[in-house]
Amino acid sequence: DLTDGGPSFRDDLSFSFVKAGRHDVKTGGEYVHSNSPIFLCINCGGTLDAQGGPIPSNVESLFPVYNDVSSWKLNSLAPITRFYSLAVGDFHVDSPIRSYAGWMQDDWTRGNLTLNLGVRYDLIRGTYAEELPFEPWLHANRPLDRNNIQPRLGLAYSLNDRTVLRGGWGMFAGGAVNASHAYRVDAQVANIQVNYDGRPDFPLNPFNGPIPTFAQAVATTNQRTPFLTLPAADTALGYTHQVSAGVQRQFGSSMSLSTDFVYSAAKDALSIMDVNLAYNPATGANYPFTDLTRRPTKGWGAVSQNMVEPKGIEQYGLQMEFTRRMTRNWQLSATYLLAKDFDYQYAPIKEGCKYPATNPSPGVFTCDAPMTLHPVLQEERFLTGNQRHRATLNGIWQLPVGFQLSGL
């Protein structure tokens, strides 16, 4: 798509041959070029936080015309104002993605056995804006994840003309998704906050003068915070292992029953943590969010960043399906799923650290001092609340004179 910055292409080649059985081979490759230009106006209009006390009893009269800002009497909110925040800078960004992929699969049949032998490789530039710095949390030109070889193996074996055994295993990496829009805006926009200083005109004049430029905002001591979530310093793409094994049996001329065990496990999953938060070794909990003296990086508030975690969601399932095709004027289908989903709560430990960041004295921070996290913050594998049992039944009955009766 030339309107998005450049060309993309894909090509597939399929061919067959016979050698120690029949081989049906499919191979191909693709290149995806996308710039994804956007205008991301997050907080470019400013936010006044007036939650420091009871709402005034005459609040309706302070906003006489709801859609005419010039009629609003915002300075009357000064006594309950807590802060004002505003983003300044350039909100227009390109988010380029350059994705390269290649794949090959051979469906090899010999006698009663069919093997599906496949592999795919992905190399993706731009998913995490690797070239952009965001000091001190992200350095420029972070290395790409080049270890994305994904083998796939499947098989089907006919015990006889009525029974088939089947199964498979494969690795599947994350695709060419663009996770860098907000981060690229953060690199050229400053989201600043000024706290209420007691002036009666603060709501309408929070900076006590002109609105600062981006350069002035970056140089100021006002509290900054990124818009959304910074990418992980580790640019590894997440992937999953997927496994299945099962059997299918035909009964009579119109019925079949299949049972399959399925399993998937996420690796290099992403979690989100505030990387500008320190923890108290005495309590195992974080220091109060409002205590800016305990923030590891001065001039910044909360800084959310993705962390690459070696473990992720695990899913187990037992799938059963009975099918009766339409014969003698009726058909029936029934399924049952028994599933377990496990997820993780990750400990708030930054990449490259062994323990959470601590603050032994103002201005001094470390993440190598042993400490025990509060129990509610420790890493935990837990069973999610997703549905455990699911059964469905549906059928059709062919009635006389062209009518059908169906139900689910």
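The structure contained in this document is the topic of the report that follows. (Residues numbered from 1 in each chain as written. Predicted model: local features only at pLDDT ≥ 70, side-chain atom pairs only at ≥ 80, totals over all residues. Heavy atoms only, no water.)

Quick word on the pattern of salt bridges
Stage number 1. As enumerated under the stated definition, the model contains 13 salt bridges in all.
Stage number 2. Between E131 and R184 there is a salt bridge whose closest N-O contact spans 2.8 Å. Placement of the pair is E131 in the loop between β8 (113-125) and β9 (149-160) and R184 in helix α2 (residues 181-188), with a sequence separation of 53 residues.
Stage number 3. By relative accessible area, which is 34% here, E131 ends up partly exposed.
Stage number 4. Between D197 and R199 there is a salt bridge, and its shortest N-O distance comes to 2.8 Å.
Stage number 5. Ionic contacts of the salt-bridge type, sharing partners, join the residues R10, D12, E30, R120 and D122 into one network. (Salt bridge = Lys/Arg side-chain N within 4 Å of Asp/Glu carboxyl O. Helix = DSSP H or I, 4+ residues; strand = E, 2+ residues; numbered from the N terminus. Buried < 20%, exposed > 50% of the residue type's maximum accessible area, 1.4 Å probe, protein only.)

A look at the sheet that holds strand β4 (residues 47-49)
Stage number 1. On the basis of which strands lie adjacent, the open sheet formed by 4 strands has the order β4-β5-β11-β12 and antiparallel pairing. The open sheet has two edge strands with one neighbour each: β4 and β12 (223-224).
Stage number 2. Where β4 lies against strand β5 (residues 83-89), 3 bridges are found, and the strand directions are antiparallel. Paired with D49 across the two strands is F83, which belongs to β5.
Stage number 3. Against the sheet, α2 engages β5, β11 (189-195) and β12, with an angle of about 70 degrees to β11. (Pairing = 2+ DSSP bridges. Contact = heavy atoms within 4.5 Å. Axes fitted to C-alpha atoms, helices over the stretch in contact; angles between N-to-C directions.)

Considering the pairing of strand β2 (residues 22-34)
Stage number 1. One ladder, built from 10 bridges, connects strand β1 (residues 9-18) with β2; its direction is antiparallel. Counted as the bridge partner of S16 is D24 from β2.
Stage number 2. In terms of strand pairing, β2 meets strand β7 (residues 97-110) through 13 bridges, oriented antiparallel. Following the sheet pairing, E30 is matched in β7 by A101.

Description of a nonpolar patch on the surface
Stage number 1. A surface patch of nonpolar side chains, amounting to about 450 Å² of accessible area, comprises L113, L155, Y157, L159, L165 and V247.
Stage number 2. Tallying contributions element by element places β9 first for the nonpolar patch, with 3 residues.
Stage number 3. Relative to the helices and strands, L155 resides in strand β9. (Patch = residues over 30% accessible without salt bridge, like charges linked within 9 Å, V, L, I, M, F, W, Y side chains within 5 Å. Areas by Shrake-Rupley, 256 points an atom, 1.4 Å probe, with all protein chains shown as cover.)

Concerning the side chain of N306
Stage number 1. Within the element layout of this structure, N306 appears in strand β15 (residues 304-327).
Stage number 2. For N306, a relative accessible area of 15% gives the class buried.
Stage number 3. Residue contacts for N306: discarding those within four places in its chain leaves T229, L230, P231, A232, L270, S271, I272 and E351.

Digging into the packing of aromatic side chains
Stage number 1. Summed over all chains, the structure comprises 13 aromatic pairs.
Stage number 2. Each ring, one from F134 and one from W300, has its centre 5.7 Å from the other, and the planes form 70 degrees; the classification is edge-to-face. Of this pair, F134 sits in the loop between β8 and β9 while W300 is found in the loop between β14 (255-274) and β15, placing the two residues 166 residues apart along the sequence.
Stage number 3. Since its relative accessible area comes to 6%, F134 is described here as buried.
Stage number 4. On the basis of relative accessible area, W300 is assigned to the buried category, the value being 12%.
Stage number 5. The interplanar angle of 20 degrees and the centroid separation of 6.0 Å between the aromatic rings of Y344 and Y346 together place this pair among those described as stacked.
Stage number 6. Put simply, the rings of F9, Y31 and Y100 pair up and form one aromatic cluster.
Stage number 7. The aromatic ring of F342 is capped on one face by R381, whose charged end is 3.9 Å from the ring centroid. (Phe/Tyr/Trp six-rings, centres within 6.5 Å; stacked < 30°, edge-to-face > 60°. Lys NZ or Arg CZ within 6 Å of the ring centre and 35° of its normal.)

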